[in-house]
Every structure is written in structure tokens, then in C-alpha cells.
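Take a look at the letters that make up each chain.
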Amino acid sequence: MPPLLQAQELVKRYTKGGAAAVSGISFQVERGEVFGLLGPNGAGKTTTISMLTALLVPTSGTATLAGFDVVRQPREVKKRIGLVPQELALYPTLSARDNLRFFGRLNGLSGRKLAEAVDRNLARVGLSDRGDDAIATFSGGMKRRVNIAAGLLHEPEILFLDEPTVGVDPQSRNFILDGIETLSRDGLTVIFSTHYMEEAERICRRIAVVDEGRVLALDTPAELVHSLGDGTVSVSGAVALEEPLLAALRRLPEVTSAEPREGGVLIAARQPIRILPAVIELFQSSGLPITSLEYAKPTLESVFLQLTGKRLRN
Ligand SMILES: Nc1ncnc2c1ncn2[C@@H]1O[C@H](COP(=O)(O)OP(=O)(O)OP(=O)(O)O)[C@@H](O)[C@H]1O
Ligand SMILES: [Mg+2]
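Residues numbered from 1 in each chain as written. Chains lettered and ligands numbered in written order. Predicted model: local features only at pLDDT ≥ 70, side-chain atom pairs only at ≥ 80, totals over all residues.

**Re the overall build of the protein**
Short version of the rule: Per the convention used, a helix needs a DSSP run of H or I reaching at least four residues, while a strand needs a run of E reaching at least two, with both numbered from the N terminus. Partly exposed residues are those whose C-beta has more than 12 but fewer than 20 other C-beta atoms within 10 Å; 20 or more makes a residue buried and 12 or fewer makes it exposed, with C-beta atoms placed from the backbone. Each residue gets a C-beta atom placed from its backbone, and two residues are in contact if those atoms lie within 7 Å.
For the protein, the count of helices and strands is 11 helices and 14 strands. If you line up the protein on its principal axes, its C-alpha atoms span 80 × 40 × 35 Å. Taking all 314 residues of the protein together, 40% fall into the buried category. Long-range contacts, defined here as pairs at least 24 residues apart, represent 70% of the contacts in the protein between residues at least 6 apart.

**Comments concerning the environment of Gly-24**
Looking at the secondary structure, you find Gly-24 in strand β2 (residues 20-29). Remark: the alpha-carbon pair of Gly-24 and Val-235, spanning 211 residues in sequence, is separated by 34 Å. Residue contacts for Gly-24: discarding those within four places in its chain leaves Glu-9, Val-11 and Arg-214.

**Some points on the site of ligand 1**
Inclusion rule: Working rule for contacts: place C-beta from the backbone, and if it is within 6 Å of a molecule or strand, that residue counts as near it. Polar here means any residue outside two lists: the nonpolar Ala, Val, Leu, Ile, Met, Phe, Trp, Tyr, Cys and Pro, and the charged Asp, Glu, Lys and Arg; Gly therefore counts as polar.
As a matter of local geometry, ligand 1 sits amid Tyr-14, Ala-21, Gly-39, Asn-41, Gly-42, Ala-43, Gly-44, Lys-45, Thr-46, Thr-47, Gln-86 and His-195. When residues of the shell around ligand 1 are assigned to their parent elements, the largest contribution, 3 residues, is made by helix α1 (residues 45-52). Class assignment of the residues belonging to the shell around ligand 1 gives a composition of 3 nonpolar, 8 polar and 1 charged.

**Some thoughts on the environment of Ala-115**
Relative to the helices and strands, Ala-115 resides in helix α4 (residues 111-124). Once the C-alpha coordinates of Ala-115 and Arg-97 are considered, the two residues, 18 residues apart in sequence, prove to be 9.2 Å apart.

**So, the nonpolar core**
Counted only if it meets this: The term nonpolar core refers to a set of buried Ala, Val, Leu, Ile, Met, Phe, Trp, Tyr and Cys residues connected through C-beta atoms within 7 Å. All domain edges in this entry derive from an automatic or database-based domain assignment.
If you look at the biggest cluster of nonpolar residues, it comprises 81 residues, and the most contacted ones within it are Leu-100, Val-146, Ala-149, Phe-160 and Ile-267. Here this core spans two domains, since at least three of its residues come from each of domain 1 (5-224) and domain 2 (229-297). Not counting residues up to four positions away in its chain, the partners in contact with Leu-100 are Val-118, Asn-121, Leu-122, Val-146, Ala-149, Ala-150 and Leu-153.

**What to know about the domain arrangement of the protein**
Per the domain assignment, the segments making up the protein are domain 1 (5-224) and domain 2 (229-297). Summarising the inter-unit geometry, the C-alpha centres of domain 1 and domain 2 are found 40 Å apart.

**Comments concerning α1**
Within an α-helix, residues lying three or four positions from one another point in the same direction, as the helix has 3.6 residues per turn. Across the 8 residues of α1, 8 count as buried, placing the element largely inside the fold. Of all the residues in α1, the buried ones are Lys-45, Thr-46, Thr-47, Thr-48, Ile-49, Ser-50, Met-51 and Leu-52. The positive-phi residue at the C-terminal boundary of α1 is Ala-54, with phi of around 65°.

**Points about unusual backbone geometry**
Its identity as a non-glycine residue notwithstanding, Ala-54 has a phi of 65°, on the positive side. Notably, Glu-155 is not glycine yet its phi reads approximately 50°, a positive angle. Within the secondary structure, Glu-155 is located in the loop between α5 (140-152) and β7 (158-162). Taking the number of C-beta atoms within 10 Å as the measure of exposure, Glu-155 has 13 and is therefore partly exposed.

**Details of the sheet that holds strand β9 (residues 206-211)**
Selection rule: One bridge is not enough; two strands pair if DSSP finds at least two bridges between them. Think of each axis as a best-fit line through the C-alpha atoms, taken over the contacting stretch in the case of a helix, with angles from 0 to 180 degrees between the N-to-C directions.
Read across the open sheet, the 6 strands follow the order β6-β7-β8-β3-β9-β10; overall the sheet is mixed. Only two strands of the sheet have a single neighbouring strand rather than two, namely β6 (81-84) and β10 (214-219). Adjacent strand axes in the sheet meet at a mean angle of 15°, parallel and antiparallel pairs treated alike. Bridging between strand β3 (residues 34-38) and β9 involves 4 bridges; their strand directions are parallel. Residue pairing for β9: Phe-35 is matched across the bridge by Arg-206. Set on the sheet, α5 makes contact with β6 and β7; between it and β6 the angle comes to about 165°.

**Considerations on the sheet that holds strand β11 (residues 231-236)**
An order of β12-β13-β11-β14 is seen for the 4 strands of this open sheet, with the pairing classed as antiparallel. Each edge of the open sheet carries a strand with a single partner, namely β12 (255-261) and β14 (292-296). Neighbour-to-neighbour, the strand axes of the sheet open up by a mean angle of 15°, direction not taken into account. In the sheet, β11 pairs with strand β13 (residues 264-269) via 6 bridges, with the strands oriented antiparallel. The partner of Val-235 across the bridge, within β13, is Val-265. Of the strands in this sheet, β12 and β13 are in contact with helix α9 (residues 243-250), which crosses β12 at around 155°. On top of the sheet, helix α10 (residues 272-285) reaches β11, β12, β13 and β14; it is set at about 20° to β11, its chief contact.

And the structure:
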């Protein structure tokens, strides 16, 4: 069977000739997968999701969902997807149930089908007992759960969640993450964006690490971490490293990469502890002071740092 979602070289420029918000993103998602778009603010996550959900026309590139083209067949695409947007759009004075009825009607549901869908999805997000309360009385996490219910009313094949846990209390956050896993076990395909590494690691089968509109790496969490070897060593010396020193560091046995960082270097290696003496010696013989030396076990955080030179959250 072909992948449920296929994105090929998607590009988006919001203004003609302007900078690309997304500059050539490609990936595929299999049916039943939980797929993560992991990246910092401005990486292009929302723009990518908007193109895949037929809300935004790509400047170039193509994407298909269940074989339907997002540009040429947006109606077929929209029928099959649910979208939980980053910005909340609920009516505060209406009850949760009335909000869901409203969204259900927008999706073409009515009568008993609508009533059943509303009850079923209120239960799914654990809010059956609060259905008749006004949204204004809900916490951020509860509102988010109502939004997720709204995205599920028409039983989509793919659910897109754009940063579903931002501004959400820890309890709702756990509820949302467990909920995604349950939905996935029931056969739903989930694509969600986040800048929380531990969330991506916890629930995604595969993760695309995105930054500045590009996919920098795409794999299972375990493989992404494994690609870093056994960890990283970061050395700070308060001065910019010259190329000969970087080259010498890269030549050390089992070093997989050595990238300059502000006032220092980040080295990834198979056995980072073993190379420490040689690293110190290279700095000393170059006459560079060392102000800090840090060993880190490989994590998705260090993968991200390695790929982008940035921390996901500052
Ligand atoms: N409507 C718009 N018009 C012009 N530029 C935009 C628009 N929306 C987003 N951008 C720009 O496109 C880039 C990608 O933004 P996008 O919202 O897709 O990132 P994101 O990964 O979702 O970020 P965040 O984590 O902050 O939600 C950013 O540089 C942003 O400023
Ligand atoms: Mg966004």
C-alpha cells in the first residue's frame, strides 16, 4: 500500500520573491503511524501543516493524502483529515457540547449522528461530565481537549495536531499524550508538531527534525539518538576556533563530528570520555584556554543541538 501521506519538496514563500518559510520539505507517513515534526519557533511546522491540510497553497512541490492531491482535490483531503490548530478557536460563552455541535455541523454532521459524535468525543477527551459547562470556565488544558474532540468529530483518517500541549497543565498534557497513543492504537494516523523533545520521544514512531524550513533528519527516536554515537563533548574557550584545530579534532579516533559553537566546539564521538585527554592536549598546544568542558550522553536534545547548533528552547 502507498503511504497515507506523501509530501514532496514542499516550498512556501508568503511573499513573492521573499524568504521561504518552508524550503523543500519531503516526507512520508504510513497508516497508523504517530509522526512528529520537531522544531523550534519559526521552523515552519505550522506552514507545513497548513499546506498538508489544504489551507495554504504551496509555492511549489506536491503533497497527497490517501492518494488525493492537496492542491487539486482539497475537498477530498479535508474530508479525511482532522486539524487541531495551534490557536484556540472556541466560543467562550457556549458550553463544550454546543461548541462541538457547531463544529460538527460545519463538518456536515446533523441529527443523531451529530449527537452521538459529540458524546463519543467528549468521552474520548475525558470531559463527559463537563460537557454542559461554558468554555470560559475551562482550564487551558481542558480547552485544548475540546479542540481535539472537535478535530475528531467526523472520524478522520489522519489527525493533525499543531503543538497540542503548549500552555497546558501537566495533567492535561499527560492526558493528551496518552490520548494520542490510544487513538493511534485504534488505527488513526497522527501527525503532530512540537518543540518538546521528550514528547516526541515518548509517542512518535518517527520524527522529522525541522529547522529553518528544512528537514534536517528523519528517523525513529532511537536511531536519531544512535546516530550521535555515545555522546558529545562540548568545550568552551571563549574564543572562536580556527579551522586547523577543528580539523585536528575531527581526526581524533572515533570522532564523528566537531562543529564550532559560540566560543567553543561541540564534538560527537563513539567513546567521548576516551577522547577527553586528546581534546585537552589539542587546546593546550593551540594556546587556547578552556573555560568549560562538558560531557553529555546522547539524547534527542543533543541530536538537535548537533544538527542545528541551537537548543530547542532557550
Ligand atoms: N502568514 C504569514 N506571513 C508571512 N510570514 C509568515 C506567516 N506565517 C508564518 N510566517 C513565517 O514563516 C516562518 C515559519 O513560520 P511557522 O509559523 O510555520 O513556524 P512554526 O514552526 O510553526 O513556529 P512556532 O513554533 O512559533 O509555531 C517564520 O519565519 C514565520 O515568521
Ligand atoms: Mg506553529
